[in-house]
Amino acid sequence: MRPFLYQLLMAGALFANAATLPQLIDAALSKHPSLEAVKARIAAADVAVKRAENFDNPVLGLSINDLRFDNFANRSLEPMQTQAVTISQKIPWFGKREAKKEIEEAKKALLFATKEEAEAELAARIRQTAYDIWKIDRLIDLTKQTMALTRQSISLYEAYTASGESGRAHMGIMSAELVQTRLDVSLSRLKAQRSARLALLEYLSFQKIENLDIDLPEKRLPPLQTLQKRIDESPRLHYRLFKKEIVSKRLAYDRLRSRIDPVLKVGYYQREAYEDYLSVGVGFALPVYGTEKSLVEERRARLMAEESETLDTRRKLLARLEKLHVKAKGEAEVARLIEKESLPRIDHMFDLIRSNIAAGGDLYAFVDLIEQKLKLEAQMIAAKSETHKILAQIDALLGEKR
């Protein structure tokens, strides 16, 4: 009794410590390296926003005037010989620093949109991988049950044929053994698939998974019109909108670039024979080559391209949403038809045929029916899994993470 109690307690502890799907998603969103990289870029963008309002570095100049070739080290030969220290500072036109800051803020917003999309995609991949594992686990259980049923049917049939030979006995037993072999191979492949998917899930969630508790949530497919109204929540659309915003801010800055920035120059001049003096001057960069105007035209064309691409992205997302909705609806209908209509009728006939095996019924036909029933149930399991995987894709498209 004690060993059984110990095993029961251990099983309960494992179940209590089993990782759930929300826990895996939360862990991934909090520490996955791909998201940490985006967070680091956002931190760098904060620095860029602060730096955008800085003035350009001043230019420090040192000069010596009137050097004599015959004795350039002697600074007392000429009364007008001078040494000077000058500082030049470009003063940006009013609004230019603010425009540069707005460009950096738009870049930062784009990074947030990138992070939002990456989080939604990562959560969707975790959910899809977990649903694959759920499907494989159900197929493993179904295969084991079918193997046990096949072995039981062989034993019952062999017990009957031991007392009374049947003309089709050997064929029936051989057919059942072949089915058993195919089930063994299928079970081995399913276990290998589970190991591979579990390894992928560990990478996506960025943690070691000792035990897993995955089940399909109760989630209905919303109407297509409801989903289409939420298309503006899509992270992919946000990404395109913020890319367009960056080009728009750069266009505003390029328009300001045609306004001349004054350059203030201050110099201190020291002379040997006369008093020192201070010099103040102002310089201007003349936009005579049309560079600024061409930049504005180029940026305006790029903005038009971004607007067209944003519109195209929105239409693509709506088309993809409709396609996913149709697929999810079809898979859900397949699962419903098999589970609610086909399997109940088959189970009834299956029980009737199975009861005849012990009385020498047709084992060959029965094991063939076993395989067909297995395929039908596997199709139902796959349809349920695929439905939830498509729902995860829809959620990712709309920015949902759970």
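For clarity, every value in this text was computed on a predicted model and none was experimentally measured.

Enquirer: Explain the overall build of the protein chain to me, and be specific about the residues and the numbers.
Expert: Helices and strands together make up the secondary structure of the protein chain, namely 9 helices and 6 strands. Counting all 402 residues of the protein chain, 36% fall into the buried class. Long-range pairs, those at least 24 residues apart, make up 83% of the contacts in the protein chain with a sequence separation of at least 6. When the accessible area of the protein chain is evaluated, it comes to approximately 24200 Å², of which 56% is carbon and sulfur surface.

Enquirer: Run through the environment of Ser 188, naming residues and quoting values.
Expert: As for its placement among the helices and strands, Ser 188 is situated in helix 5 (residues 169-205). Expressed as a C-alpha distance, the spacing of Ser 188 and Ile 140, which sit 48 residues apart in the sequence, is 9.2 Å.

Enquirer: Help me get a handle on the sheet that holds strand 2 (residues 59-64), residues and values and all.
Expert: If you trace the 4 strands from one edge of the open sheet to the other, you get 2-3-5-6, paired in antiparallel fashion. Two strands bound the open sheet, and with one partner strand each, they are strand 2 and strand 6 (277-284). Pairwise comparison of adjacent strand axes, ignoring direction, gives a mean angle of 20° for this sheet. Pairing geometry for strand 2 and strand 3 (residues 82-90), over 6 bridges, is antiparallel.

Enquirer: Break down the side chain of Thr 146 for me, with residues and values.
Expert: Considering the arrangement of structural elements, one finds Thr 146 in helix 4 (residues 96-163). Residue Thr 146 is classed as buried on the basis of its relative accessible area of 8%. Contact partners of Thr 146, with chain neighbours within four places excluded, come to Leu 183, Ile 370 and Leu 374.

Enquirer: Tell me about the confidence of the model for the protein chain, and name the residues and values.
Expert: Put simply, the protein chain has an average pLDDT of 83, and 81% of its residues get 70 or more. Within the model, the stretch residues 4-16 combines pLDDT values under 50 with 3 contacts to residues more than four positions away or in other chains.

Enquirer: Tell me about the layout of surface pockets, residues and numbers included.
Expert: Regions of empty space are outlined by a rolling probe, equal in size to a water molecule, passed over the atoms. As a volume, the largest pocket reaches approximately 570 Å³. Lining the largest pocket are 18 residues; nearest its centre among them are Lys 219, Arg 220, Ala 332, Thr 387 and His 388. If you list the elements that add at least two residues to the lining of the largest pocket, you get helix 8 (291-357) and helix 9 (363-397). Counting residues per element, the lining of the largest pocket draws most heavily on helix 8, at 8 residues. Of the residues that constitute the lining of the largest pocket, the class distribution is 7 nonpolar, 2 polar and 9 charged. Of the voids in this model, the second largest pocket is the one considered here, and its volume is about 340 Å³. Around the second largest pocket sit 20 residues that line it, and Lys 90, Lys 96, Tyr 253, Arg 257 and Asp 261 are the ones nearest its centre.

Enquirer: Can you tell me about the nonpolar core, naming the residues and giving the values?
Expert: Counting 38 residues, the largest nonpolar core has Leu 21, Leu 24, Ile 126, Leu 201, Ile 209 and Leu 212 as the members making the most contacts within it. Elements supplying a minimum of two residues to this core: helix 2 (21-31), helix 4, helix 5, helix 8 and helix 9. Examining the composition of this core, we find that 12 residues originate from one element, helix 4, more than from any other. Of all hydrophobic cores here, the second largest spans 12 residues; its members include Leu 237, Leu 317, Leu 324 and Ile 394.

Enquirer: Would you mind going over the pairing of strand 5 (residues 262-271) in detail, with residue names and values included?
Expert: Direction of pairing for strand 3 relative to strand 5: antiparallel, over a ladder of 9 bridges. The residue bridging Gln 89 from the neighbouring strand is Leu 264, located in strand 5. Strand direction decides the pairing type here: strand 5 and strand 6, joined by 8 bridges, are antiparallel. Note that in strand 6 the partner of Tyr 269 across the bridge is Tyr 277. If you look at the hairpin formed by strand 5 and strand 6, you'll find 5 residues sitting between the two strands.

Enquirer: Give a detailed account of the environment of Leu 111, specifying residues and quantitative values.
Expert: Checked against the element boundaries, Leu 111 lands in helix 4. In contact with Leu 111, other than residues within four places in its own chain, are Val 38, Arg 41, Ile 42 and Ala 45.

Enquirer: Break down the pattern of salt bridges for me, with residues and values.
Expert: Evaluation of the coordinates by the stated rule reveals 32 salt bridges. Across the pair Arg 240 and Glu 309 runs a salt bridge, and its minimum N-O distance is 2.5 Å. A residue pair is termed long-range when its members are at least 10 positions apart, and Arg 240 in helix 7 (residues 235-257) and Glu 309 in helix 8 qualify at 69 residues. According to the relative accessible area criterion, Arg 240 is buried, its value standing at 10%. For Asp 312, the salt bridge identified is with Lys 316, shortest N-O distance 3.3 Å. Note that Asp 312 and Lys 316 are positioned in helix 8 at a spacing of 4 residues, about one turn of the helix. Residue Asp 312 is classed as partly exposed on the basis of its relative accessible area, which comes to 38%. In the salt-bridge network here, residues are joined through shared partners; they are Asp 132, Arg 197, Glu 386 and Lys 389.

Enquirer: How would you explain the packing of aromatic side chains if you had to name every residue and give the values?
Expert: With the rule as written, the count across this model stands at 2 aromatic pairs. Consider the rings of Trp 93 and Phe 94, whose centres lie 6.3 Å apart with planes at 65°: the pair is edge-to-face. Overall, Phe 94 belongs to the exposed group, its relative accessible area being 74%. Here Tyr 269 and Tyr 277 contribute two aromatic rings whose centre-to-centre distance is 4.9 Å and whose plane-to-plane angle is 5°, an arrangement assigned as stacked.

About the criteria used
Residues numbered from 1 in each chain as written. Predicted model: local features only at pLDDT ≥ 70, side-chain atom pairs only at ≥ 80, totals over all residues. Heavy atoms only, no water. Helix = DSSP H or I, 4+ residues; strand = E, 2+ residues; numbered from the N terminus. Buried < 20%, exposed > 50% of the residue type's maximum accessible area, 1.4 Å probe, protein only. Contact = heavy atoms within 4.5 Å. Areas by Shrake-Rupley, 256 points an atom, 1.4 Å probe, with all protein chains shown as cover. Pairing = 2+ DSSP bridges. Axes fitted to C-alpha atoms, helices over the stretch in contact; angles between N-to-C directions. pLDDT = per-residue confidence, 0-100. 1 Å grid on protein atoms, 1.4 Å probe; cavity = no way out; pocket = protein on both sides within 12 Å on 5 of 7 lines; lining within 4 Å. Points joined across faces, edges and corners; volume = space filled by probe spheres on them. Nonpolar A, V, L, I, M, F, W, Y, C, P; charged D, E, K, R; others polar. Core = buried A, V, L, I, M, F, W, Y, C linked by side-chain atoms within 4.5 Å. Salt bridge = Lys/Arg side-chain N within 4 Å of Asp/Glu carboxyl O. Phe/Tyr/Trp six-rings, centres within 6.5 Å; stacked < 30°, edge-to-face > 60°.

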